[in-house]
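A closer look at the structure
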Protein chains: 4
Amino acid sequence: MPQNDAQTLRTYSYLGPRGTFTEAALAQVAEAQGQNWRSVNNVGEAFSDVANGVADGAVVALENSIDGGVSAAQDALATTPGLRIMGEYLVPVDFTVVARRGTTLDQVTHLNGHPVAYAQCRRWIEKNLPGHTHIPSTSNVAAAANLLESDVADAAIAPPTITEHYDLEVLAEHIGDNLNAVTRFVLVTTSRSIPDPTGADKTSFVAELPVDQPGALLDMLEQLSTRGVNMTMIQSRPIGDELGRYRFVIDVDGHVRDERVADALMGIHRFSPRVTFLGSYPRADKTPVRFDARYDDDVYIEARDWLRGLISGEPDAAY
Amino acid sequence: MPQNDAQTLRTYSYLGPRGTFTEAALAQVAEAQGQNWRSVNNVGEAFSDVANGVADGAVVALENSIDGGVSAAQDALATTPGLRIMGEYLVPVDFTVVARRGTTLDQVTHLNGHPVAYAQCRRWIEKNLPGHTHIPSTSNVAAAANLLESDVADAAIAPPTITEHYDLEVLAEHIGDNLNAVTRFVLVTTSRSIPDPTGADKTSFVAELPVDQPGALLDMLEQLSTRGVNMTMIQSRPIGDELGRYRFVIDVDGHVRDERVADALMGIHRFSPRVTFLGSYPRADKTPVRFDARYDDDVYIEARDWLRGLISGEPDAAY
Amino acid sequence: MPQNDAQTLRTYSYLGPRGTFTEAALAQVAEAQGQNWRSVNNVGEAFSDVANGVADGAVVALENSIDGGVSAAQDALATTPGLRIMGEYLVPVDFTVVARRGTTLDQVTHLNGHPVAYAQCRRWIEKNLPGHTHIPSTSNVAAAANLLESDVADAAIAPPTITEHYDLEVLAEHIGDNLNAVTRFVLVTTSRSIPDPTGADKTSFVAELPVDQPGALLDMLEQLSTRGVNMTMIQSRPIGDELGRYRFVIDVDGHVRDERVADALMGIHRFSPRVTFLGSYPRADKTPVRFDARYDDDVYIEARDWLRGLISGEPDAAY
Amino acid sequence: MPQNDAQTLRTYSYLGPRGTFTEAALAQVAEAQGQNWRSVNNVGEAFSDVANGVADGAVVALENSIDGGVSAAQDALATTPGLRIMGEYLVPVDFTVVARRGTTLDQVTHLNGHPVAYAQCRRWIEKNLPGHTHIPSTSNVAAAANLLESDVADAAIAPPTITEHYDLEVLAEHIGDNLNAVTRFVLVTTSRSIPDPTGADKTSFVAELPVDQPGALLDMLEQLSTRGVNMTMIQSRPIGDELGRYRFVIDVDGHVRDERVADALMGIHRFSPRVTFLGSYPRADKTPVRFDARYDDDVYIEARDWLRGLISGEPDAAY
C-alpha cells in the first residue's frame, strides 16, 4: 500500500518496522492510503516529524485496554505545541511467543518484548516463565527480529503475523491476558481544521490543576458534569516540576462545536492555569453520543437569547 | 413630601397609611421624591397598581431580619408577569406597645398587631402577655389607630412615631426581639431598563426545580458555585399545585452584566423548567461585591476568544 | 370526641375554636382520641403548653401547599428546646365566603380572614374583591364568628362547615386557588422516644450554616446527597441576629435508625454549628421510601465491618 | 550492608543489580539494615517473592516526578491479594551517559536505558541524539553493564555511581529533564499490622468505579472532599476487561485511624464495587498533615455520641 513517490505524496510517520500494530492502525487511516509511510524508531521521533514538517501526520498508540496510557505519547501531546488529533483507530491485540528454531519453552530464561506487550501478557508470563529476565525491546517486531541477530534473548513476544516475515518457531499462541484487548491509536497532525461533527465524536484536551489543594480535581470535573458532558478517559500525568503536581489528559464525548462541550471547555479554560485543546474527531467505534435533552444545542441557544433579551431590555416573551 | 398633582407626576404605591415602615422606605427612594404617593390597603393591591399601570412603582417589604420572607410579596413577584426590582432600601425596625389612656399592661388580654411585627416581638410578648389573644392587623399604624375606634383590642404594637399622630399611652418601648433589626424593602416597576452596574449590585430571580428528585436543588446551586457566584438569600416557596413542589426566590451578589452572573443565569435557565429574572440593582448597603479573580470578566472574555479561535481554526496563541 | 375528665386524661392543645382545620387534624391523631382537647388562641400558646407540661402534645400547621411554611411554628420548633415531632397529618383545604344575612358580594369592602387562608384564596379575592381591605383574624372560625359580634368586616373566609355552627349566608364556595390543596399538621411532644421505623418515614431537623460563604448551603446539602438521602422540604428561616443569616428547616425521607439517615445526620452535625433533631415519624401518606440499593443498611454495616477488620489487623476476606 | 546469613535474617527483594536507585531506597529502610537483600530481575518477581513468602518485604518504585506512575507496580498492588505498604522512601534522581572507552557522543546511534530513565532524560536526548534508536533495558545498571558485553548499544543512561563499578567513559552528566527529580519507593509486605499514626501519614487504596457513567469519578472523589480529606496522588489504570474501564490508585493525607480518613474509606467502600486498602504509613518527608479543625477526631466522636443519644432516647444536652 505505501508508495515511495515522496515528492507529490503526503508522509505519515509510524513506529516501525513493517508488521507492527502501529502499521495496522495506519492501514485504517483513509487519507493515508497510497501515500508515503515513514517507519521511525521511537514515538518521540514520530512526534518530531510532525512538529518539524518532515511528516504530514503520525499514527501513535495512545491507550490500550491492558496497559493504560502510553505515557510518552500522552506527554508529547501535552507538551509539544501545535499538535492535533484528527482521528482514532482500534487494533485488536493478539500475541505469540516465538524463538529460534529448536528452542523449547523450558529453555527460555531471557524474554524479549516491547514493555507494553510484556505488560499485556503478564499473567501468562508469570505462570509459564517465572524466573525469566525481561529484555525490553523498541517494538514487537524488533523483539522477534533480534532473535536472529543476537542471543541476548531466547524468545520474543510478537504479533501472530511475525512468522510471515521471519523464520521463527511458535512456542505459544494467544498469550494475552485479555483475548478481547484492543489498542487505541490516533492520527496526529498540525492542521488547524477540525473534522466536522458526526454525532459520534470525541474531544480530547490536557489541563493542569490550579493548585495542589483539596478538591481541585473535583472542581475541574464539575465543569464537565454541570454541562452533562461524559468523560470517557482520564489519565493523570506528572507535570515534572515537583512530586505531586499533575496534569490530566481527558477525553469526553461530543464535539467542540456542540454547545455543551464548548461551554465545558470554556469552563475548564477559566479554571485551569493551562489547558491544551487536542482535537475533536469521530469515534473509532462510530457509537452515537447520548446525552440528556436538557444539554441540547437548542437549550443553550435559547438560554443565550433569553439573556441577550434581558440585557437589551426586550419585553418578556409570553409564557 | 408626597404631592397630589397626579397629572404630571409619577405615582408610587405603598402599604399605608402614613407612618408605616413602608412609607419610611419610600422616603428613601430618590426618584419618588416630590411625586405622588398612593397609600393602599394590602400588598396585592400595590402589585396590581404596578401591573395595571395605576402606579409607576411600588415599594414592598421583601425580607426582614426576624420574620424572613414576606410570603405574599415573594409570591407576587414570582407569579405576576413583567415585574422588575429597581432598588432596595433598609429601614431600622423598632416597636412600642400603645393603649388607650388609662390602660395598664396587666389589663391587656387582646393585642392588635401586624403579623410580621407580632413575630418580631415574640419574646417580649410571650414573657409579658402569656395568655393574650393576637388580633392581626393590616398595618402597624392601623393596629394603633383601631384602638380609638373599637375595643376589640386593648393594646397595639406600633412604630415609635405613632404618638405623633394618635393620642395613645406608651406601655412599653423597644420590645423587638432584636434591637438591630432592619426590614428590606424593594422598589418594583415594569420598566425593562436595568440600572447600570455599580460594583455593589444584587441580582434576584425565581426558579423552579425540574423534578422532585434527590439532589435537584444541589444541582441548581452548583450552577452558581461553579461560577463563583455568592448567594445572599434563598427562600423556598410552594408552587401550589401539590405538596412538596417548590420554587426558589434567590438573591446573588453581582449584576447581570457581570460575565459570571450572566453565565450562571444561563446555566439556571437551562436547568430550570421556569426561571424569572427579577432584576439587577444597587445594594442598599453599597458594599462592593468581592469575588475570586478567576471569575473576572476578563477571564470569561479570554475563554470565549480562545474557543472562538479553536473553532475558526486560528493558529494557537504563543504561550 | 374530646373529653373533660382532665385528671386522668392526656391533654392536647390546638388552635381553636372548634371547627378549625387544626381540630380536623387533631381528630386524625389516634392517641388523642377520647383525651382532653385544649383550644388555644395562638400557635405560641400551643407550643408553650407542651414546653411547660400543661399539655402532653400539640397539633400545629407546619406547611401547606399554597402558603408554604408556617413561619411561627417553624421558628418555635427551631428555638424551643426539647420539642419532638411524633406524627404528621394532612387535612384537605376548602374555603367559603360568608357574611351577615342580607349582605351581597358587591357590598364587601372589608374581608376578615386568617392570613394563611387569605393567601390561599388570593386569586379569587383579587378578581372578585379588588378594592377590599384585609382584616387578619386569628383563626378561620374566629373570622366568621366575628361577623356576628362586630361590623369591622363585611364578610369572612371560613371552612365549609362554618354554617353548621353560625347563622351566616354563603356568598361564594370553593374559592381556594388550588382545589387539591392540603395542609400538613404535626403532633409535637417532649417525649424522647422515637416512633419505630415503618419503611415509610420522614425525619425532620433544623440546621444553621457555618458561615455566610459561597457554597455553604451546597456543602450542607451534599451531606445528604452523598448518602442518597432525599430531601422533601427545605425552608430557610432568618436566625434573627442579622440580615442574611439563615437556618434551614429540612425534612428528609427515612428514619434516624436507617443507617444512611444516621450517617447523613452525623455529617450535618459535624458541618453545622447548631443542629436540632426534630424527630423521625411515619409519613401521613404512608408511601414507602425508595432509595438506591447502594445505601441499604447492609451496605453500611458491611463497610463498618470491613474498616474494623482493617484496623484490628484481621486477614483480608476472600473476594 | 546486606548479609548472607539467610537462615535467621529477614529477606528483602529489590530490582537489582547492586547500584540501582531501588537499592538506594532499600538502604533507607531501617528494618532492612543488616538483613538479607535479594536482587531480582523485574518488579513482578519482587511482588511474587512477597506474595509467596520467599521475601519478607520488597522495595519497588511507585511514582516519580517525571515519568509518573510505574504502571506494573501499581497494577501488581491492585491485583495481588494481601499486599500492604509499610513505608515510603524518596531517592534523588540523577543521570549520566556512559559509553565504552573511546566512544564520542556523535558516534552514538543506539542508546540503552531503562524506559523510566529514558523518559526522565527525554529533553536532553531529543536535543543531543535526535536520530537514535532506544534499546530498553531492565535496569539502569544493566544498561551500562551491557555495554561491556554486547555492541547492541553505543551508550547507556546510568546513575552517576556507575563508574565505581564499571570501566566506562562519561559522555554527559546531569542529563535529567528536572534536576530536582526524586523517585518514590515503597516497602511492600504481607503484614496485617498497620504502623501507628505519627501525625504525618499517608493512606493508599485502589478503587474501581461502579459504572462508566457521567460523574462517577466525581461522586467518588466527593467521598473524600466531604470529609476534608486531601488527595495527594491519583492514577487511573485500566481494569483490563474492556477499553474505558478504570480503577484508580489513590493516596490521601492521613491515617486509617484518623476518624475522617476512616469515614471516607467507608464511604468509598459503599460506593465502589471493589476497593483494596493498601496501607497507612508515615510520609517520607515527615510533613505533618494539615486539615480543617472541623474534621478533627473529636468532632466525629461528638457527632457519634449525639446520634447515639438521640436513638437511645437520652434527654438533650444543654446548649
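Just so you know, these numbers come straight off a predicted model, no measurement behind them. (Residues numbered from 1 in each chain as written. Chains lettered and ligands numbered in written order. Predicted model: local features only at pLDDT ≥ 70, side-chain atom pairs only at ≥ 80, totals over all residues.)

**Digging into the overall build of chain A**
Under the convention used in this document: Helix numbers and strand numbers start at the N terminus; a helix is a DSSP run of H or I with at least 4 residues, a strand a run of E with at least 2. To sort residues by exposure, count the other C-beta atoms lying within 10 Å of each residue's C-beta; 20 or more gives buried, 12 or fewer gives exposed, and values between give partly exposed, all with C-beta atoms placed from the backbone. Once C-beta atoms are placed from the backbone, any two residues with those atoms within 7 Å are in contact.
A tally of helices and strands in chain A yields 10 helices and 15 strands. Here the C-alpha coordinates of chain A stretch approximately 90 × 50 × 35 Å along the principal axes. Per-residue burial over chain A gives 55% buried out of 319 residues. Taking as baseline every contact in chain A between residues at least 6 positions apart, the subset at least 24 positions apart corresponds to 76%.

**What about the arrangement of the chains?**
At the C-alpha level, the nearest point of chain A lies 12 Å from chain C, with no contact between them. Between chain B and chain D there is no contact; the minimum C-alpha to C-alpha separation amounts to 12 Å.

**What to know about the pairing of strand E14 (residues 246-253) of chain C**
Within a regular strand, side chains alternate between the sheet's two faces. All names here are of chain C. Applicable threshold: If DSSP finds at least two bridges between two strands, the strands pair.
The buried fraction of E14 is high, at 8 of 8 residues. Going residue by residue along E14, you find Tyr246, Phe248, Ile250 and Val252 tucked away on one face and Arg247, Val249, Asp251 and Asp253 tucked away on the opposite face as well. In the sheet, strand E12 (residues 201-208) pairs with E14 via 7 bridges, with the strands oriented antiparallel. Counted as the bridge partner of Thr203 is Val252 from E14. Sheet analysis places strand E13 (residues 231-238) next to E14, joined by 7 bridges and oriented antiparallel. Paired with Ser236 across the two strands is Phe248, which belongs to E14.

**Let's talk about the UniProt feature "site: Essential for prephenate dehydratase activity" (unreviewed entry) in chain A**
Residue and element names in this part refer to chain A. For the record, the criterion: UniProt positions are given in the numbering used here, feature names are shortened, and annotations may be inferred rather than shown by experiment.
Mapped onto this numbering, the UniProt entry annotates "site: Essential for prephenate dehydratase activity" (unreviewed entry) at Thr183. Within the fold, Thr183 resides in strand E11 (residues 182-189). A tally of 25 C-beta atoms within 10 Å means that Thr183 is categorised as buried. Look past the residues within four positions of Thr183 in its chain and what remains in contact with it is Phe21, Ala61, Asn64, Val91 and Val93.

**With respect to the sheet that holds strand E14 (residues 246-253) of chain B**
All names here are of chain B. To keep it simple, the criterion reads: Between N-to-C directions, angles cover 0 to 180 degrees, with each direction set by a line fitted to C-alpha atoms, over the stretch in contact for helices.
Overall, antiparallel pairing links the 4 strands, which are arranged E13-E14-E12-E15 in an open sheet. Since the sheet does not close on itself, it has two edges, and those belong to strand E13 (231-238) and strand E15 (275-282), each with one partner. Direction aside, neighbouring strands of the sheet carry axes that sit 15° apart on average. Note: strand E12 (residues 201-208) against E15, 7 bridges, orientation antiparallel. In the strand pairing of E15, Val206 is matched with Thr276.

**Overview of the domain arrangement of chain A**
Interface extent is often summarised as the accessible area lost during association of the parts. Residue and element names in this part refer to chain A. Under the convention used in this document: Start and end points for every domain follow an automatic or database-based domain assignment. Gly falls in the polar group here, along with every residue not listed as nonpolar (Ala, Val, Leu, Ile, Met, Phe, Trp, Tyr, Cys, Pro) or charged (Asp, Glu, Lys, Arg).
When the domains of chain A are assigned, the result is domain 1 (1-92 + 181-193), domain 2 (96-173) and domain 3 (195-319). Distance from the C-alpha centre of domain 1 to the C-alpha centre of domain 2: 25 Å. Contacts between the two partners involve 12 residues from domain 1, matched on the other side by 11 residues from domain 2. Here the side of domain 1 that touches domain 2 is built from residues that sort into 6 nonpolar, 5 polar and 1 charged.

**A look at helix H9 (residues 259-271) of chain A**
Residues and elements named next belong to chain A. How we decide: In this scheme, a helix's expected span is set at 1.5 Å multiplied by one less than its residue total.
Taking 1.5 Å per residue as the helical rise, H9 with its 13 residues ought to reach 18 Å, and the 18 Å between its terminal C-alpha atoms agrees with that figure. Counting buried residues along H9, 12 of its 13 residues qualify, which places the element largely inside the surrounding structure. Among the residues of H9, Arg260, Val261, Ala262, Asp263, Ala264, Leu265, Met266, Gly267, Ile268, His269, Arg270 and Phe271 are the ones counted as buried.

**What about the pairing of strand E11 (residues 182-189) of chain C?**
Residues and elements named next belong to chain C. Summarising burial for E11: 8 of the 8 residues are buried, a large majority. Side chains Val182, Arg184, Val186 and Val188 project from E11 onto one buried face, and the interleaved Thr183, Phe185, Leu187 and Thr189 project onto a second face that is buried too. The pairing of strand E3 (residues 57-64) with E11 spans 6 bridges and is antiparallel. Looking at E11, one finds that Ala58 is bridged to Val188.

**Points about the sheet that holds strand E8 (residues 133-136) of chain A**
All names here are of chain A. Strands sit in the order E8-E7-E9-E6-E10 across an open sheet of 5 strands; the sheet is mixed. The open sheet is flanked by E8 and strand E10 (169-173), the only strands paired with a single partner. Taken pair by pair, the neighbouring strands of this sheet meet at an average axis angle of 30°, ignoring direction. The pairing of strand E7 (residues 110-113) with E8 spans 4 bridges and is parallel. Across the sheet, the residue bridging to Leu111 is His134, located in E8. On the sheet, helix H6 (residues 140-147) packs against strand E6 (96-99), E7 and strand E9 (155-158) and is oriented at approximately 155° with respect to E9.

**Thoughts on the environment of Glu23 of chain B**
Summarising the element assignment, Glu23 of chain B is placed in helix H1 (residues 21-26). Each C-alpha atom, one on Glu23 of chain B and one on Ser236 of chain B, is 28 Å from the other, the two residues being 213 residues apart in sequence.

**Digging into the nonpolar core**
Definition in use: Among buried residues, those of type Ala, Val, Leu, Ile, Met, Phe, Trp, Tyr and Cys that are joined through C-beta atoms within 7 Å form a set called a nonpolar core.
Among the nonpolar cores identified, the biggest contains 194 residues, and Ala58, Val60 and Ala144 of chain B together with Ala58, Val60 and Ala144 of chain C are the most heavily contacted of them. Setting aside its immediate chain neighbours within four residues, Ala58 of chain C contacts Tyr12, Ser13, Tyr14, Ala46, Phe47, Asp49, Val50 and Val188 of chain C. With 190 residues, the next largest nonpolar core counts Met233 of chain A together with Leu224, Ile250 and Val256 of chain D among its residues.

**Brief notes about the packing of helix H8 (residues 216-225) of chain A against H9 of chain A**
All names here are of chain A. Here is the rule: Each angle is binned into one of four classes, with values under 35 degrees roughly parallel, values over 145 roughly antiparallel, values of 65 to 115 roughly perpendicular, and all other values oblique. Here a crossing is taken to be left-handed if its near helix is turned anticlockwise relative to the far helix by less than a right angle, and right-handed if that turn runs clockwise.
Close contact between H8 and H9 brings their axes to 8 Å; oriented N to C, the two are set at 160°. Relative to H9, the element H8 is oriented roughly antiparallel. When the axes of H8 and H9 are compared, the crossing they make is right-handed. Touching Asp219, Met220, Gln223 and Leu224 of H8 are Ala264, Gly267, Ile268 and Phe271, all from H9. Partitioning the contact of H8 with H9 into residue classes produces 5 nonpolar, 2 polar and 1 charged.

**Description of the environment of Lys286 of chain A**
Its place among the elements puts Lys286 of chain A in the loop between strand E15 (275-282) and helix H10 (297-312). Taking the C-alpha atoms as reference, Lys286 of chain A lies 7.8 Å from Asp201 of chain A; in sequence the two are 85 residues apart.

**Quick look at unusual backbone geometry**
One non-glycine residue, His174 of chain B, lies in positive phi territory at about 50°. Its place among the elements puts His174 of chain B in the loop between strand E10 (169-173) and strand E11 (182-189).

**Description of the packing of H8 of chain A against helix H7 (residues 216-225) of chain D**
At a minimum axis separation of 10 Å, H8 of chain A and H7 of chain D run at an interaxial angle of 145°. Like other packed secondary-structure pairs, H8 of chain A and H7 of chain D cross with a definite hand, here left-handed. On H7 of chain D, the residues that touch Leu217, Leu218, Leu221, Glu222 and Ser225 of chain A of H8 of chain A are Leu217, Leu218, Leu221, Glu222 and Ser225 of chain D. Looking at the contact of H8 of chain A with H7 of chain D residue by residue, the class counts come to 6 nonpolar, 2 polar and 2 charged.

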